[in-house]
Amino acid sequence: QVQLVESGGGLVQAGGSLRLSCAASGRIFSIPTMGWYRQAPGKQRELVATISYGGGTNYADSVKGRFTISRDNAKNTVYLQMNSLKPEDTAVYYCNARVVVSIILSASDYWGQGTQVTVSS
């Protein structure tokens with residue numbers, strides 16, 4: 001099995017910064033894609049940012065220029081640096097990893113438990 005453990009959430013004032021981390025462990029052959037999603041109360045889960053093994057990135061329009069996603073392939077870890085935070089960024093943030101556990105199997109999606117980010121005005 002594969003486990004994703006997140007850390008770094010918390011309470012911050014508008015304009016502040018937070019850094020989220022997510023480490024994958026377990027039976028891992030490769031992780032083609034890692035990313036962050038978020039879900040605010042009463043809303044659907046939405047994509048925040050993704051990053052490929054080679055470093056290619058994709059961001060939601062709402063976070064472009066403020067958030068930066070990065071990864072350390074040697075540590076199977078993905079990071080999300082969040083700057084200039086706004087109250088509308090308040091949500092539970094979930095780590096996602098598309099993991100290949102064996103060379104003969106296709107990739108499967110795994111999710112972290114979620115970490116709360118609250119931005120006060």
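Note that this is a predicted model, so its numbers are computed, not measured.

Colleague: How do you make sense of the overall build of the protein when you look at a structure like this?
Modeller: Of regular secondary structure, the protein possesses 0 helices and 11 strands. Listing every helix and strand of the protein by position from the N terminus yields β-β-β-β-β-β-β-β-β-β-β. On C-alpha atoms alone, the protein measures out to a radius of gyration of 14 Å, which is about the 14 Å that the 2.2 N^0.38 rule sets for 121 residues. The dimensions of the protein, computed from C-alpha atoms along their principal axes, are 50 × 25 × 20 Å. Here the protein holds 121 residues, and the buried ones make up 40% of them. Taken as a whole, the protein presents about 6300 Å² of accessible surface, with 49% of it coming from carbon and sulfur. Computing the positive centroid from 11 side-chain charges and the negative centroid from 7, the protein places the two 4 Å apart.

Colleague: Quick question: what am I supposed to make of the nonpolar core here?
Modeller: Within soluble globular proteins, side chains that are nonpolar generally end up buried alongside one another. Trp-36, Leu-80, Met-82 and Tyr-93 are the most contacted members of the largest nonpolar core, which totals 31 residues. Elements represented by at least two residues in this core include exactly β1 (2-7), β3 (18-26), β4 (30-39), β5 (46-52), β7 (67-72), β8 (77-82), β9 (91-100) and β11 (115-120). Residue contributions to this core peak at 5 residues, all from β9. Residues contacting Leu-80, with those up to four places away along its chain left out, are Leu-18, Arg-19, Leu-20, Trp-36, Val-48, Ala-49, Phe-67, Thr-68, Ile-69 and Tyr-93.

Colleague: What is the right way to read the side chain of Asp-89 from this model?
Modeller: With respect to the helices and strands, Asp-89 occurs in the loop between β8 and β9. Owing to a relative accessible area of 1%, Asp-89 belongs among the buried residues under this scheme. Beyond its immediate stretch of four places on either side in the chain, Asp-89 contacts Arg-38, Arg-66, Phe-67, Ser-84, Val-117 and Val-119.

Colleague: Sorry, what's going on with the environment of Ala-14 here?
Modeller: Relative to the helices and strands, Ala-14 resides in the loop between β2 (10-13) and β3. Look at Ala-14 and you get partly exposed, because its relative accessible area is 41%. For the pair Ala-14 and Asn-83, spaced 69 residues apart in sequence, the C-alpha to C-alpha distance is 9.5 Å. Setting aside anything within four residues of it in sequence, one finds Ala-14 in contact with Leu-85, Pro-87, Val-119, Ser-120 and Ser-121.

Cut-offs applied
Residues numbered from 1 in each chain as written. Predicted model: local features only at pLDDT ≥ 70, side-chain atom pairs only at ≥ 80, totals over all residues. Heavy atoms only, no water. Helix = DSSP H or I, 4+ residues; strand = E, 2+ residues; numbered from the N terminus. Rg over C-alpha atoms; globule rule 2.2 N^0.38 Å. Buried < 20%, exposed > 50% of the residue type's maximum accessible area, 1.4 Å probe, protein only. Areas by Shrake-Rupley, 256 points an atom, 1.4 Å probe, with all protein chains shown as cover. Lys, Arg positive; Asp, Glu negative; His and termini not counted. Charge placed at Lys NZ, Arg CZ, Asp CG, Glu CD. Core = buried A, V, L, I, M, F, W, Y, C linked by side-chain atoms within 4.5 Å. Contact = heavy atoms within 4.5 Å.

In short, shape yes, function no, at least from these values alone.
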